[in-house]
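Residues per chain, in single letters:
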Amino acid sequence: MPVNADTLAYGPLDLSDREFEMFRALIFEKSGINLNEGKKELVRTRLGGRLRKGGFRSFMEYYKYVTQDVSESELVTLLDAISTNLTSFFREANHFNYLKKNVLPDVLLRKKTDPLKEIRAWSAGCSTGEEPYSISFILLETLESMPSMDVKLLATDLSTKVLAKAARGIYTAEQVKSVPKELLPRYFDIEHINDEKFYRVGQKARGIVQFKRFNLMTPTFPFKRKFDFIFCRNVMIYFDKPTQQTLINKFYNALAPGGHLLIGHSESLTGVQHRFKYVQPTIYRKQEQQ
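Just so it is clear, the model here is predicted, and its values are computed rather than measured. (Residues numbered from 1 in each chain as written. Predicted model: local features only at pLDDT ≥ 70, side-chain atom pairs only at ≥ 80, totals over all residues. Heavy atoms only, no water.)

Student: A description of helix H4 (residues 73-82) should follow, citing residues and the corresponding values.
Tutor: The periodicity of an α-helix, 3.6 residues per turn, causes residues three or four places apart in sequence to face the same way. Counting buried residues in H4 gives seven out of ten residues, a clear majority hidden from the surface. Residues Glu74, Leu75, Val76, Leu78, Leu79, Asp80 and Ile82 constitute the buried set of H4. Structurally, H4 contributes buried residues whose contacts are with helix H1 (17-31), helix H2 (40-54), helix H3 (59-68), helix H7 (160-168) and strand E8 (209-213). (Buried < 20%, exposed > 50% of the residue type's maximum accessible area, 1.4 Å probe, protein only. Helix = DSSP H or I, 4+ residues; strand = E, 2+ residues; numbered from the N terminus. Contact = heavy atoms within 4.5 Å.)

Now the structure itself:
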């Protein structure tokens with residue numbers, strides 16, 4: 001007899017209030033994601049598939065397995081299932097215009113006296129790669145006449161699933177619709193897979209982006225060099241104010257003097273104590289002199 005979609009072979013797949021609170025606390029501790037009480041059904045639905053696939057008899061059995069897994073590989077799978085990843089190329093376009101017209105000219109002016117001639121940037125919460133690749137296109141367009149400049153863009157996310165897709169860099173025609181038409185032939189190669197047309201990000205842009213799994217809840221960021229700008233957009237909406245404040249201060253310390261932080265249009269630093277200078281909505285800058 002077939003098993004119902006929401007039923008294990010051993011009984012109904014129910015998530016009690018106590019179990020929800022246990023998962024909610026675990027997810028907050030490990031990722032900073034603050035799930036409100038209305039997210040119980042989301043947790044039940046997204047983790048339910050993992051329970052069925054793994055043959056777990058209950059949410060409690062699965063919770064014990066996750067918390068006792070020393071390798072934390074199952075924790076990564078759990079967080080992958082919970083994370084929401086919505087993105088597109090050149091999403092919130094004014095940030096990319098500001099990057100091109102304001103941030104990069106300022107960075108290049110400051111780099112004139114820097115013997116290393118390097119630019120370092122970070123896309124924190126990069127999802128399936130559209131944001132860092134969009135940034136890479138702007139960087140390459142701006143620095144076309146400066147081949148000696150060493151440019152690297154770190155792109156991180158909590159989810160290994162979206163990072164794998166980002167690293168492949170393959171997108172449908174629908175997904176690249178928001179890419180300016182003049183940039184498509186410069187930075188994408190066309191591929192046909194099973195008679196369907198796809199766009200793969202070319203080596204020129206892929207070469208300056210490094211994808212890496214990174215948890216923003218890490219107590220101290222381990223980066224040796226300071227970033228010239230950081231994009232962290234539509235990530236902090238999942239955090240409570242104390243978590244946001246801790247993260248914002250870590251971003252401040254990770255930026256070079258004069259560096260910029262760009263956050264999502266649905267986010268604000270209102271109610272968060274920080275040392276950034278307000279530039280305009282969703283754009284902040286670290287002081288020039290420390």
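Having seen the structure, we can now continue with the description.
Student: Mind laying out the packing of aromatic side chains, listing which residues take part and the relevant values?
Tutor: All told, the structure shown has 29 aromatic pairs when counted by the stated rule. Seen from their ring centres, Trp122 and Phe214 are 5.9 Å apart, and the 75° between their planes marks the pair as edge-to-face. With Trp122 in strand E3 (residues 118-124) and Phe214 in the loop between E8 and strand E9 (227-232), the pair connects residues that are 92 residues apart, well separated along the chain. For the pair Trp122 and Phe214, a shared accessibility class is recorded, and that class is buried. Consider the rings of Phe188 and Tyr199, whose centres lie 6.4 Å apart with planes at 85°: the pair is edge-to-face. (Phe/Tyr/Trp six-rings, centres within 6.5 Å; stacked < 30°, edge-to-face > 60°.)

Student: Tell me about unusual backbone geometry, residues and numbers included.
Tutor: With a phi close to 55°, Ser127 is a non-glycine residue in the positive phi region. By the secondary structure assignment, Ser127 is in the loop between E3 and helix H6 (130-142). Residue classification places Ser127 among the buried residues on the basis of a relative accessible area of 5%. Even without being a glycine, Thr282 presents a positive backbone phi close to 75°. Looking at the secondary structure, you find Thr282 in the loop between strand E11 (277-280) and strand E12 (283-285). Among the residues examined, Thr282 registers a relative accessible area of 7% and is labelled buried.

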